[in-house]
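Overview (structure and organization)
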Amino acid sequence: MTQEKGYMSVVHELFHALGFSKGLFDKFRDCSHSVEGNCPRRMSRVVREIYGVTRLVTSSVIRHAQEHFGCLTEERFGGPLHVENGVVSSHWSQKLMYGSIMAPKLGMAHQTVVDPLTLAFFEDTGWYKVDYDQAGQYLWGKDTGCKFGFHESCQRDSRFFCKTGNGKSCHYLHKDKGHCKTVDRYCGMVESDQGDQCFLPITNTKVSGLEKYSQSSLCFMSNLTMSGNDFAPLEGMCLQHRCDVKQTLEVKVESSAWIVCPYGHTINVPGYHGYVKCPDSKEAVCPLVEETVDMTTVKDSTTMTPETTTWTETSSVINVSHISTIHIQTTKQEKALSSGCTWKSQLHTFIIILHSTVFMFW
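Nothing here was measured: the structure is a model prediction, and the numbers come from that model. (Residues numbered from 1 in each chain as written. Predicted model: local features only at pLDDT ≥ 70, side-chain atom pairs only at ≥ 80, totals over all residues. Heavy atoms only, no water.)

Glancing now at the state of the cysteines. A covalent bond between the sulfur atoms of two cysteines is what we call a disulfide. The final tally for this structure, using the stated rule, is 8 disulfides. Paired through a disulfide, Cys162 and Cys180 show a sulfur-sulfur distance of 2.1 Å. The sign of the 95° torsion about the S-S bond sets the Cys162-Cys180 disulfide as right-handed. Placement of Cys162 in the loop between helix H4 (151–156) and strand S5 (169–170) and of Cys180 in strand S6 (residues 177–182) is noted, with a sequence separation of 18 residues between them. Of the two residues, Cys162 and Cys180, both sit in the buried class. (Disulfide = S-S within 2.5 Å. Helix = DSSP H or I, 4+ residues; strand = E, 2+ residues; numbered from the N terminus. Buried < 20%, exposed > 50% of the residue type's maximum accessible area, 1.4 Å probe, protein only.)

In structure tokens, the structure reads:
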């Protein structure tokens, strides 16, 4: 276990200690209509089965689940809970909340976030006030609708689910390779191991000569070869990429030119057989970068020079030259990748909370 995953595991267990436990569901308090500090016990059931999925149906969790998955038509579309051998556990569903800090099986540290649904859980206990700005960027199942994870969803949604095979595939965030592992009869998900990270430079004699492991590399499904079968099976390959402020994605193979990779399409690379499949999600590979303009330094529009954009080969820094002062802010997910002490610092914060919180479970 890496040091970062160790810190992450401690945060997971601390969240259980702070109240993420099925044994406390019946002790949740309803503060929606009460004066602060005088919240009665919740009288209605907080766990219900909706379309065959066991869900936590408290108000904040429902609101954030509906918003995240894009399911606004089901009033009781709450947070999906993990059920094992017919018994509800103290975790979110592994299949429907993959990558959450409160999933039963944690992935690699850079693939795992404190998601909004987990923070909503703590808000709905009635014991905490939550700052949702501290939630990480959580993309698993984003905007997929009410039937995400159902049989038909697993069969058609290649963004999140996979079919088992011998070759390596790409994790849904495209930062790692991995193998497709089945989670139930119909659904498979890509899980990564140490050494599968495309963004970490490595020396590996078994790696294809076309691949490059670097800070600017992502995983792409491809069957590129110097000479061979154009219809060979696709496998995960680590290739260099770059993005601009408009979220345009470009790919580079060895000494080739940079080639625009339209989302959801395939591209050919001159001089190579086969093709590269471009990712479906721009949010995963080219997150939107916020621009903050210091208006005190903006000159009159009649004297402004045209804006120029400089590409970068790293995934977390985009340089923009402009007559005004523009501050580029990376997304939370990029900050997590660039910071070597993300989970360590969060662990320190939660230890302070644990020491300063008085639980009112009666």
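Within the fold, Ser169 resides in strand S5. Residue class for Ser169 comes out buried when judged on its relative accessible area of 16%. Residues within four places of Ser169 in sequence aside, it is in contact with Asp176, Lys177, Gly178, Val190, Cys219, Met221 and Gly236. (Contact = heavy atoms within 4.5 Å.)

Further remarks concern the UniProt feature "binding site: Zn(2+)" (unreviewed entry) in the protein chain. In the numbering used here, UniProt assigns the feature "binding site: Zn(2+)" (unreviewed entry) to His12, His16 and His91. Over a stretch of 80 residues, the named residues converge on one spot in the fold, their C-alpha atoms separated by at most 10.0 Å. Note that His16 resides in helix H1 (residues 3–17). Engagement of the side chain of His16 in a polar contact is seen with the side chain of His12, the distance being 3.2 Å. Residue placement: His91 occurs in strand S4 (residues 87–92). Of the residues examined, His91 reaches a relative accessible area of 16% and is grouped as buried. The contacts of His91, once residues within four sequence positions are left out, are His12, His16, Phe20, Leu81, His82, Met102, Ala103 and Pro104. (UniProt positions renumbered as here; feature names shortened; annotations may be inferred. Polar contact = N/O pair within 3.5 Å; in protein donor to acceptor, adjacent residues only side chain to side chain.)

What follows covers the environment of Cys170. Mapped onto the fold, Cys170 is located in strand S5. Separated by 28 residues in sequence, Cys170 and Cys198 place their C-alpha atoms 10.0 Å apart.

Below, the discussion takes up the nonpolar core. One finds Leu56, Trp92, Ile101, Phe121 and Trp140 to be the most contacted residues of the largest nonpolar core, which totals 69 residues. With sequence-adjacent residues up to four places away left out, Phe121 is seen in contact with Gly19, Phe20, Ser21, Phe25, Phe28, Leu56, Val61 and Trp92. Cys198, Tyr213, Cys219 and Met221 belong to the second largest nonpolar core, which has 6 residues in total. (Core = buried A, V, L, I, M, F, W, Y, C linked by side-chain atoms within 4.5 Å.)

What follows covers empty space enclosed by the protein. Under the definition given, this model contains 2 cavities of 30 Å³ or more. Reported here for the second largest cavity is a volume of approximately 50 Å³. Around the second largest cavity, the lining residues are Tyr98, Gly99, Ser100, Ala103, Lys105, Leu106, Gly107, Gln111, Thr112 and His171. Its residues assigned to classes, the lining of the second largest cavity shows 3 nonpolar, 6 polar and 1 charged. (1 Å grid on protein atoms, 1.4 Å probe; cavity = no way out; pocket = protein on both sides within 12 Å on 5 of 7 lines; lining within 4 Å. Points joined across faces, edges and corners; volume = space filled by probe spheres on them. Nonpolar A, V, L, I, M, F, W, Y, C, P; charged D, E, K, R; others polar.)

Moving on: the pairing of S6. Note: S5 against S6, 2 bridges, orientation antiparallel. Considered in S6, the bridge of Cys170 is made with Lys177. Hairpin geometry of S5 and S6 is characterised by an intervening segment of 6 residues between the two adjacent antiparallel strands and by a positive phi of about 65° at His174. With 4 bridges joining them, S6 and strand S7 (residues 188–191) adopt antiparallel strand pairing. Bridging across to S7, Cys180 finds its partner in Val190. (Pairing = 2+ DSSP bridges.)

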